[in-house]
Amino acid sequence: MNGIFAAIDLGGTKTRVGAVLASEPGRVVLSASAPTVREDPDEGIKSIASLLREIVSDVSKSTGGRNAELLGVGVGAPGPLDIKERRLLALPNLPKWRGFGIASALERELGVRVTLENDANAAAVGERMFGVGKEFEDFVYVTLGTGIGGALILNGELYRGHWGGAGEIGHVQVDPDGPLCGCGRRGCVEALAAGPAIEKAYGRPATEVFALAASGDVKARDVLETAGRALGRGLALVFTVLDPQAVVFGGGMAKGNPLALRFYLDACKEELEKRAFLPAKRDIPHVVSTLGVDAAILGAAWLAREEYLKARETNRHRSGPMPKVVEKPWGKEVWWAHTPRYAGKTIYVNAGHSLSLQYHQRKAETMFFSSGEGTLYLGGEEIPIKPGLSVDIPPGTVHRVTARTDLVFHEASTPEVDDVIRLEDNYGRARC
Ligand SMILES: [Zn+2]
């Protein structure tokens with residue numbers, strides 16, 4: 001398979017984008033980073049999209065044009081996320097991005113499917129497919145840094161939980177009377193074992209505490225061991241319930257001095273093995289990532305690839321051959337109003353093409369056809385499209401527009417809540 005899958009690792013201060021070739025999914029061929037536009041998500045998305053287009057174009061050139069097509073984009077974003085509506089939820093470092101429908105905004109910019117995932121989940125998938133996690137069918141992934149994130153790989157697959165919140169090891173409460181956590185509760189693993197807790201316990205930045213511990217400072221070593229034990233207590237709960245094989249560590253702190261990190265991880269392992277209820281005494285591997293920052297990029301790109309292949313398979317079964325991705329994509333949309341209460345756009349469909357078969361869970365829309373002819377499939381009925389036709393489409397009604405000649409219609413709706421369910425779709429469809 002030729003083409004490019006790209007990934008975005010959205011951060012509170014910096015965003016990294018990377019590209020992998022569809023033929024070589026385990027290697028980031030090109031990456032770049034830029035400061036995150038914290039004040040304005042719409043501007044932020046434009047800047048990320050333009051950086052991404054640049055690297056895709058460079059990769060295309062460097063492979064002699066064989067990989068010109070961007071097939072899909074994966075986003076790893078700080079959680080928690082609303083995975084059903086593909087929105088960001090609370091981001092302590094990016095308050096203006098709260099509630100932002102990042103996936104659909106990027107789809108409008110880039111014209112390809114965007115897959116949104118929590119950044120720790122994306123990194124865990126990267127480790128599972130291409131890193132130290134290859135060895136394990138079942139593992140807990142832990143990111144160590146200013147916060148503690150986590151993810152679960154069970155039966156070789158990412159386990160998201162019903163609402164996408166699974167694996168939050170940082171907020172497992174291990175001391176009900178412990179220090180206040182950023183989440184508002186007390187004594188979470190994060191409040192006891194992340195960088196700021198280490199800094200508070202020693203009175204120096206965590207990176208310095210690591211360096212001091214490595215050079216033999218007893219207090220620094222104690223501080224790291226105490227933090228590691230708190231993490232071990234949290235992991236013991238996870239191991240008692242899920243009985244996985246191993247713990248894989250990533251994040252900034254996992255790149256710290258290996259000797260000092262060992263104090264932390266050995267204390268964690270000892271506490272975990274002492275406190276977990278396990279079927280038999282076990283030696284639980286504590287393994288440190290070798291992919292580093294590439295883990296999230298590789299994982300997000302892999303998830304985009306899986307979604308691409310799944311949709312391609314669905315299309316093949318439903319409608320014979322894979323629809324050809326045309327150079328000038330059909331279904332061009334132009335927004336002419338998009339306010340909190342109301343949204344409107346004009347959609348151009350090339351002759352011979354169809355928009356996806358879809359329905360909305362909550363959104364109601366009205367379509368007004370101004371030129372061209374075709375067929376509107378609406379909940380089992382086929383309505384001939386002629387200029388002047390106006391149709392109300394209630395939520396839950398399956399619909400599709402098929403153009404016999406070039407077709408223009410205008411759509412007015414309640415604001416986009418990104419609740420579209422596409423029963424059949426094609427890649428290469430531009431959304432703006
Ligand atoms: Zn917490």
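Values in this document were obtained by computation on a predicted structure and should not be read as measured data. Along each chain, numbering runs from 1 in the same order as the chain's sequence is written. Residue-level local features of this predicted model are given only where pLDDT is at least 70; pairs of side-chain atoms are given and counted only at 80 or more, and the full residue set underlies all totals for whole chains, interfaces and linings.

1. Things to note about the pairing of strand β7 (residues 114-118)
Step number 1: Here exposure depends only on C-beta density: within 10 Å of a residue's C-beta, 20 or more other C-beta atoms make it buried, 12 or fewer make it exposed, and intermediate numbers make it partly exposed, the C-beta atoms being placed from the backbone. Helical segments are the DSSP runs of H or I of at least four residues, strand segments are the runs of E of at least two, and each set is numbered from the N terminus. The buried fraction of β7 amounts to 5 of the 5 residues, a majority that puts the element mostly inside the structure.
Step number 2: Burial of the side chains of β7 extends over both faces: Val114, Leu116 and Asn118 are buried on one face and Thr115 and Glu117 on the other.
Step number 3: Strands are treated as partners if at least two bridges between them are detected by DSSP. Relative to β7, strand β4 (residues 70-77) runs parallel, the two being bridged by 5 bridges. Bridge pairing in β7 places glycine 74 opposite threonine 115.

2. Examining the domain arrangement of the protein
Note on interface size: it is often stated as the accessible area lost on association of the parts.
Step number 1: Structurally, the protein comprises domain 1 (4-117 + 295-319), domain 2 (132-290) and domain 3 (332-424).
Step number 2: Contact criterion: two residues are in contact if their C-beta atoms, reconstructed from the backbone, are within 7 Å. Listed by partner, the interface residues are 5 residues for domain 1 and 6 residues for domain 2.
Step number 3: All residues other than Ala, Val, Leu, Ile, Met, Phe, Trp, Tyr, Cys, Pro, Asp, Glu, Lys and Arg, Gly among them, are scored as polar; the first ten of these are nonpolar and the last four charged. Within the side of domain 1 that touches domain 2, the residues separate by chemical class into 5 nonpolar, no polar and no charged. Note that the domain bounds reflect an automated or database-derived domain assignment.

3. With respect to the nonpolar core
Step number 1: Definition of nonpolar core: a set of buried Ala, Val, Leu, Ile, Met, Phe, Trp, Tyr and Cys residues joined via C-beta atoms within 7 Å. Of all hydrophobic cores here, the largest spans 107 residues; its most connected members are Ala6 and Val75.
Step number 2: Counting the residues that make up this core, at least three belong to each of domain 1 (4-117 + 295-319) and domain 2 (132-290).
Step number 3: Discounting residues that sit within four places of it in the chain, alanine 6 has contacts with Val17, Gly18, Ala19, Leu52, Val56, Leu70, Val73 and Ala301.
Step number 4: With 10 residues, the next largest nonpolar core counts Ile393, Val401, Ala403 and Leu407 among its residues.

4. Structural notes on the sheet that holds β7
Step number 1: If you trace the 5 strands from one edge of the open sheet to the other, you get β3-β2-β1-β4-β7, paired in mixed fashion. Because the sheet does not close on itself, it has two edges, and the strands there are β3 (30-35) and β7. Within the sheet, the average angular offset between the axes of one strand and its neighbour, ignoring direction, is 20°.
Step number 2: Two elements, strand β1 (residues 4-9) and β4, share 6 bridges in a ladder whose sense is parallel. Paired with alanine 6 across the two strands is valine 73, which belongs to β4.
Step number 3: Orientation is described by axes fitted as lines to C-alpha atoms, over the contacting stretch for helices, and by angles from 0 to 180 degrees between their N-to-C directions. Across the sheet, helix α1 (residues 41-62) is in contact with β1, β2 (14-21), β3 and β4; its angle to β2 comes to roughly 30°.

5. Let's talk about the sheet that holds strand β10 (residues 157-159)
Step number 1: Taken in spatial order, the 5 strands of this open sheet run β10-β9-β8-β11-β12, and their pairing is mixed. On the outer flanks of this sheet lie β10 and β12 (286-288), each paired with one strand and no other. Recorded for the sheet is a direction-independent mean angle of 30° between the axes of neighbouring strands.
Step number 2: Note: strand β8 (residues 139-144) against strand β11 (residues 246-250), 5 bridges, orientation parallel. Paired with valine 140 across the bridge in β11 is valine 247.
Step number 3: In the packing of helix α3 (residues 119-130) onto the sheet, contacts are made with β8, β9 (148-154), β10 and β11, and the angle to β9 comes to roughly 50°.

6. A closer look at helix α2 (residues 102-110)
Step number 1: Most of α2 sits inside the fold, with 7 of its 9 residues counted as buried.
Step number 2: Regarding α2, the residues found buried are Ile102, Ala103, Ala105, Leu106, Glu107, Glu109 and Leu110.
Step number 3: Packing partners of the buried residues in α2 comprise α1, β4, β6 (87-88) and β7.
Step number 4: Looking one or two residues beyond α2, the residue adopting positive phi is glycine 111, at roughly 70°.

7. A closer look at unusual backbone geometry
Step number 1: Positioned with a positive phi, arginine 86 is a non-glycine residue whose angle comes to about 55°.
Step number 2: With respect to the secondary-structure elements, arginine 86 resides in the loop between β5 (81-82) and β6.
Step number 3: Unlike most non-glycine residues, asparagine 155 shows phi in positive territory, near 50°.
Step number 4: On the secondary structure map, asparagine 155 appears in the loop between β9 and β10.

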